[in-house]
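# Report on the structure
Each chain, letter by letter, is given below.
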Amino acid sequence: MDKIIVGLKRVVDYNVRVQVKSDGSGVETDGVKMSINPFDEIALEEALRIKEAGNASEVIAVSIGGSDAQQQLRTGLAMGADRAILVKVDGDIDPLSVARIFKALAEKEGAELVMLGKQAIDDDSTQVPQMLAAIWDRPQATFASGVSIDGNVAKVVREVDAGLETVEVDLPAVISVDLRLNEPRYVKLPDIMKAKKKPLDEIALADLSVEAGPTIKELAFAPPDGRQRGIKVDDVAGLVSALKEKGLV
Amino acid sequence: MAKVLIIAEHDGSALNPATAKCVSCAAAIDGAEIDVLVLAASAGEIAAQAAAIDGVSRVLTAERPENEHALAAVQAPQVAALAGDYTHVIGPSTTFGRDLMPRVAALCGVNQVTDIMAVEGSHTFKRPIYAGNAIVTVEAPGDALLVATARVASWPAAAAGNSAPIEAAAADADLPTHTRYVGIESAASDRPDLQTASRVVAGGRALGSEEQFQLVYQLADVLGAAVGASRAAVDAGYCPNELQVGQTGKIIAPELYIAIGISGAIQHMTGIKDAGTIVAINKDEEAPIFEVADVGLVADLFAVMPELTAALSN
Ligand SMILES: Cc1cc2nc3c(=O)[nH]c(=O)nc-3n(C[C@H](O)[C@H](O)[C@H](O)COP(=O)(O)OP(=O)(O)OC[C@H]3O[C@@H](n4cnc5c(N)ncnc54)[C@H](O)[C@@H]3O)c2cc1C
Ligand SMILES: Nc1ncnc2c1ncn2[C@@H]1O[C@H](COP(=O)(O)O)[C@@H](O)[C@H]1O
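The structure presented is a predicted model; accordingly, all values stated were derived computationally and were not measured.

## Concerning the sheet that holds strand β3 (residues 56-63) of chain B
Residue and element names in this part refer to chain B.
- Reading across from one edge, β5-β9-β4-β1-β2-β3-β10 is the order of the 7 strands in this open sheet, with parallel pairing throughout. The open sheet terminates on both sides in strands that have one partner only, identified here as β5 (112-116) and β10 (166-168). For this sheet the average axis-to-axis angle between neighbouring strands, irrespective of direction, equals 25 degrees.
- When strand β2 (residues 33-40) meets β3, the two strands line up parallel, connected through 7 bridges. By the bridge assignment for β3, Leu37 is matched with Leu60.

Okay, here's the thing in structure tokens:
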């Protein structure tokens, strides 16, 4: 296979407990730690392993967002991506437009595999990979926990509600990855130095002739209904009687 | 007026309860007329079950051999072929719906509203973001088709008692052959289904081994409960992956959730926010799970589990 494109979204780090702004206009992101979406790191790791096994020639990391996303792309280059592309977009962009951008890049680069995370942990929308596969008219293998490449076919194990499903897809294809696929490698200092010399290109949205689709407006943000801290019991007998009192046993 | 098409989830022979939950979500849209679409190799029994759901006007069937297994690439063009007659197309937030619905949305040229937890208007909904740490109210364009998933833990299953008409649908589309089903591996279990059970007992990393995880199964059996797990327990191989509860596992809403040796990470709590009563057993009194547990017991699980199982078995 020739090239693999990997999507790296810059998101609030998964360890941060996000807070809704007091005026309900959004969530607090000022001064908050930002990272690569954890699923995307796994997608990149898998792409690198496919390349290292001799099944791909180049791994291209792509982020769609503001200039800040260069940080995440540099991390991706340090992990081992060959080059990176930042598609500059100011402000929010809807999943269908993101999918259109990936399609334009996949066609431009002649990519045979696009590997994405199964969901971005900020909007939790779980749409871009499936949308890309739809408009590119190619197969999708979502929620992957196992990937093997054999010539022009990828065999993918998918984590579904009922268990582990296996599908076979013809390349080119889109794979969205789940957490158990692999453990991403740690980046070492020499890799960070090397990554500085790798190409990171910036592209404007207009260069890809992508038009943004009808978007969904975000009207207001609120914290979830909180649960109250309940009671503590001293022993098993206390627990059993608390359950009986609530009519649960 | 809203005309809603719901995509039925099934395993080839029986309807999944997620479908009746989607009907509740659709029924929350003012004046909604609700059709259910069954894509299957043979729809008979499944369609009959869908026709029994209260609030359903019509059940449409698309029977073709290609529909034997739910492949999004095969199903999406058939759904898209029918979508023109509807204002809304809704599927469940299960892995089935999460896989299929965005593909349908993209074929129809629209974005999807993921995980509807409340209906505020025909095109205005509430949905969780940031692992449920924020709830956003979204408004989709009123003049375009609305494609969505309904967050199944937020909706009760609509009751059964109806007998809606069943008709064959004209879901004609060219179907791709680039995606092929190979097989599925499920840990066979006679226990209640995690996503619909009214009681769930879940174990975490603290169980320490697959053998010791039996303590969780034993308590579950006494309670007639389903078994769940944290990601750490699944990753460590104590139990199968389909038992994972949380942001990237199953989002559930049982009446009773008993968490054993689970710390209560944000990603885990996302999965049980809507549980009725949360019970936690953890040896660390500072564990975050106690901030949300209705009943907490600070104890070594290995010391108390046998006693608890015995106490509840009689
Ligand atoms: C993107 C992302 C998605 C994730 N999705 C999920 C998800 O869907 N579901 C999920 O669960 N996690 C998820 N996680 C992982 C999550 O962050 C936690 O790592 C995980 O939930 C921890 O599992 P645990 O509570 O079993 O283990 P730990 O956090 O290690 O907690 C073990 C607990 O057991 C207690 N304990 C130890 N010994 C005993 C004993 N003898 N008796 C009683 N108590 C004892 C300890 O005090 C501790 O509180 C996700 C993480 C990421 C990054
Ligand atoms: N702005 C973005 N830049 C790069 N990749 C993205 C972006 N948005 C989404 N993706 C990819 O699509 C996946 C699913 O995102 P979503 O559909 O938004 O949940 C993510 O895990 C990324 O791999």
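## So, the interface of chain B and chain A
- Taken together, the contact pairs 84 residues of chain B with 77 residues of chain A.
- Buried surface at the junction of chain B and chain A, both sides included, amounts to about 6,900 Å², of which 55% is carbon and sulfur.
- Inspection of the chain B/chain A interface yields 6 salt bridges.
- A salt bridge links B:Arg180 to A:Glu168, with the shortest nitrogen-to-oxygen separation between them at 3.2 Å.
- Counting every contact that joins chain B to chain A gives 44 residue pairs in polar contact (both at pLDDT 80 or more).
- Looking at the side of chain B that touches chain A element by element, the count peaks at 8 residues for helix α4 (residues 95-107) of chain B.
- Of the residues assigned to the side of chain B that touches chain A, the class counts are 40 nonpolar, 24 polar and 20 charged.
- Note that strand β9 (residues 163-170) of chain A and strand β11 (residues 179-185) of chain B share 6 bridges and pair antiparallel. Paired with A:Glu165 across the bridge in β11(B) is B:Ile184.

## Side note on the sheet that holds strand β8 (residues 153-160) of chain A
- Taken together, 10 strands build an open sheet; the order of strands is β11(A)-β5(A)-β4(A)-β1(A)-β6(A)-β10(A)-β7(A)-β8(A)-β9(A)-β11(B) and the sheet is mixed. In this open sheet, the two edge strands, each paired with only one partner strand, are β11 (200-204) of chain A together with β11 of chain B. Shown here is a sheet whose adjacent strand axes are inclined to one another by a mean of 30 degrees, direction ignored.
- Summarising the sheet, β8(A) and β9(A) pair through 8 bridges and their orientation is antiparallel. Bridge assignment links A:Val160 to a residue of β9(A), and that residue is A:Gly163.
- With respect to the sheet, helix α1 (residues 38-52) of chain A is in contact with β1 (3-7), β4 (58-65), β6 (111-117), β7 (140-150) and β10 (173-177) of chain A, its orientation differing from that of β6(A) by roughly 150 degrees.
- Contacts from helix α2 (residues 70-79) of chain A reach β4, β5 (83-88) and β11 of chain A within the one sheet, and its direction differs from that of β5(A) by about 165 degrees.

## Brief notes about the environment of B:Ala62
- Residue placement: B:Ala62 occurs in strand β3.
- Taking the relative accessible area as the measure of exposure, B:Ala62 reaches 4% and is therefore buried.

## Overview of the environment of A:Leu248
- As for its placement among the helices and strands, A:Leu248 is situated in the segment after α6 (236-245).
- With a relative accessible area of 11%, A:Leu248 lands in the buried category.
- Not counting residues within four places of it along the chain, the set of residues in contact with A:Leu248 comprises A:Leu243, B:Arg199, B:Glu255, B:Leu256 and B:Thr277.

## Observations regarding the environment of A:Lys33
Residues and elements named next belong to chain A.
- If you trace the backbone, Lys33 turns up in the loop between β2 (10-12) and β3 (34-36).
- For Lys33, a relative accessible area of 54% gives the class exposed.
- Not counting residues within four places of it along the chain, the set of residues in contact with Lys33 comprises Val11, Val12, Asp13 and Val16.

## A closer look at the packing of aromatic side chains
Residues and elements named next belong to chain B.
- Using the criterion set out here, one finds 1 aromatic pair over all chains in the structure.
- On the numbers, 5.7 Å between centres and 70 degrees between planes, the contact of Phe213 with Tyr217 is edge-to-face. With respect to class, Phe213 is no different from Tyr217; both count as buried.
- Looking at Lys3, its charged tip hangs above the ring of Tyr86, at a distance of 5.1 Å from the centre.

## Topic: the side chain of B:Arg127
- On the secondary structure map, B:Arg127 appears in strand β7 (residues 124-129).
- The charged side chain of B:Arg127 is buried without a salt bridge, its nearest counter-charge being B:Asp115 at 4.8 Å.
- Within the local environment of B:Arg127, its side chain forms a polar contact with the backbone oxygen of B:Thr114, the two atoms lying 2.7 Å apart.
- Every residue in contact with B:Arg127, bar those within four places of it in the chain, is listed here: A:Asp123, A:Asp124, A:Ser125, B:Val113, B:Thr114, B:Asp115, B:Met117, B:Ala134, B:Ile135, B:Val136 and B:Val138.

## Section: the site of ligand 2
Residue and element names in this part refer to chain A.
- In the vicinity of ligand 2 lie 20 residues, with Asp40, Ile64, Ala120, Gln127 and Val128 positioned nearest.
- Within the contact set of ligand 2, an oxygen atom lies 2.9 Å away from a side-chain nitrogen or oxygen of Asn37.
- Interatomic distance of 2.8 Å between a backbone N/O atom of Val128 and an oxygen atom of ligand 2.
- For ligand 2, the protein covers 98% of the area, taking 480 Å² as the surface of the free molecule.

## Observations concerning the site of ligand 1
- Near ligand 1, the surroundings consist of 28 residues, among which B:Arg205, B:Ser230, B:Thr248, B:Ser263 and B:Gln267 are the closest.
- Taken together, the residues near ligand 1 originate from chains A and B.
- Contact distances for ligand 1 include 2.5 Å between an oxygen atom and a side-chain N or O atom of B:Arg205.
- Compared with its free state, where it exposes 990 Å², ligand 1 has 85% of that area covered by protein.
- Among the elements of the structure, α6 (231-235), α7 (266-269) and α8 (301-313) of chain B are those that each provide at least two residues to the shell around ligand 1.
- A class-by-class count of the residues in the shell around ligand 1 yields 11 nonpolar, 12 polar and 5 charged.

## Overview of the confidence of the model for chain B
- Within chain B, residue pLDDT values average 96, and 100% of them lie at 70 or more.
- Under the prediction, the complex receives an ipTM of 0.95, its pTM being 0.95.

Cut-offs and rules
- Counting restarts for each chain: residues are numbered from 1 in the order of the written sequence.
- Naming scheme: in the order in which they are written, chains are lettered from A and ligands are numbered from 1.
- Local features in this predicted model are restricted to residues whose pLDDT is 70 or higher, and side-chain atom pairs enter the listing and the counts only when it is 80 or higher, whereas totals over whole chains, interfaces and linings include all residues.
- Computation of side-chain values covers all heavy atoms of the structure but excludes hydrogens and water.
- Think of it this way: DSSP has to see at least two bridges between two strands before they count as a pair.
- Helical segments are the DSSP runs of H or I of at least four residues, strand segments are the runs of E of at least two, and each set is numbered from the N terminus.
- Fitting a line to C-alpha atoms yields each axis, with helices limited to the stretch in contact; the angle taken between N-to-C directions then spans 0 to 180 degrees.
- Residue contacts follow a heavy-atom distance rule, with two residues in contact if any of their heavy atoms lie within 4.5 Å.
- Once two parts are brought into contact, the accessible area they lose, counted with a 1.4 Å probe and summed over both, makes up the buried area.
- Within this document, salt bridges are pairs made up of a side-chain nitrogen of Lys or Arg and a carboxyl oxygen of Asp or Glu, the two lying within 4 Å of each other.
- Here a polar contact means two N or O atoms within 3.5 Å. Within protein one must be a hydrogen donor candidate and the other an acceptor candidate, and residues neighboring in sequence count only if both atoms are side-chain atoms.
- Amino acids are sorted into nonpolar (Ala, Val, Leu, Ile, Met, Phe, Trp, Tyr, Cys and Pro), charged (Asp, Glu, Lys and Arg) and polar (every other residue, Gly among them).
- Think of it in three bands: residues with accessible area under 20% of the maximum for their type are buried, residues over 50% are exposed, and the middle band is partly exposed, with areas taken using a 1.4 Å probe on protein chains only.
- Think of it this way: a Phe, Tyr or Trp ring, Trp meaning its six-membered ring, pairs with another when their centres are within 6.5 Å, and the plane angle makes it stacked under 30 degrees, edge-to-face over 60, tilted otherwise.
- A ring has a charge above it when a Lys NZ or an Arg CZ is no more than 6 Å from the ring centre and no more than 35 degrees off the ring normal.
- Positive residues here are Lys and Arg, negative ones are Asp and Glu, while His and the chain termini are left out of the count.
- Here a residue counts as near a molecule or strand whenever at least one of its heavy atoms sits within 4 Å of it.
- Working definition of accessibility: Shrake-Rupley area with a 1.4 Å probe, residue cover restricted to the visible protein chains.
- Each residue carries a pLDDT score, the predictor's own confidence in it, on a scale running from 0 to 100.

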